[in-house]
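Geometric and topological summary
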Amino acid sequence: VFHAVRVGGPSPADIMVSAYLGDGGEVVIVAINEGSEAVNVPIAISGETVPSAMVPHLTSASENWAEGAPIAVTDGSLPAVLPAMSVTTFVSE
């Protein structure tokens, strides 16, 4: 059973971001882009559990939980590319 605690912070217009810390130390970030344009959003990760990389899983009109290549977290920043009208779930490695 996965237990998680929600953590959060501010996000730009048309973008909703929530983050969760699992009881095993895993980090999960859910980013929703409600806009009609793709956006680049740096997501700051701080605290005791900063992963070295996050794996994106994309859900959109044409994708369903499509796993992407790991994205490096550098200096506590995840450079997220969010396609238009999509939900991207990032899971720590």
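Look up a bit, the structure's there.
This section reports on the structure supplied with the text. For clarity, every value in this text was computed on a predicted model and none was experimentally measured. (Residues numbered from 1 in each chain as written. Predicted model: local features only at pLDDT ≥ 70, side-chain atom pairs only at ≥ 80, totals over all residues. Heavy atoms only, no water.)

Next up on the list: the overall build of the protein. Looking only at helices and strands, the protein has 0 helices and 9 strands in total. Mapped from its N terminus to its C terminus, the protein presents α and β elements in the order β-β-β-β-β-β-β-β-β. Out of the 93 residues in the protein, the part that is buried amounts to 33%. For the protein, long-range pairs separated by at least 24 residues make up 53% of all intrachain contacts whose partners lie at least 6 apart in sequence. Per element, the accessible surface of the protein, about 5,600 Å² overall, is 57% carbon and sulfur. (Helix = DSSP H or I, 4+ residues; strand = E, 2+ residues; numbered from the N terminus. Buried < 20%, exposed > 50% of the residue type's maximum accessible area, 1.4 Å probe, protein only. Contact = heavy atoms within 4.5 Å. Areas by Shrake-Rupley, 256 points an atom, 1.4 Å probe, with all protein chains shown as cover.)

Right, let's talk about the environment of Gly35 for a bit. Among the secondary structure elements, Gly35 is positioned in the loop between strand S3 (27-33) and strand S4 (39-44). In this structure, the C-alpha to C-alpha distance between Gly35 and Ala13, residues 22 residues apart in sequence, is 8.6 Å. If we skip the residues at most four places from it in the chain, Gly35 touches Asp14, Ala84 and Met85.

Take Thr59: it is sitting in strand S5 (residues 53-59). Thr59 sits 29 residues away from Thr88 along the chain, and the two C-alpha atoms are 6.2 Å apart. If we ignore the near neighbours within four places in the chain, the residues touching Thr59 are Asn64, Trp65, Ser86 and Val87. Among the polar contacts made by the side chain of Thr59, one reaches the main-chain amide nitrogen of Trp65 at a distance of 3.3 Å. (Polar contact = N/O pair within 3.5 Å; in protein donor to acceptor, adjacent residues only side chain to side chain.)

These figures come from the coordinates and say nothing about function on their own.
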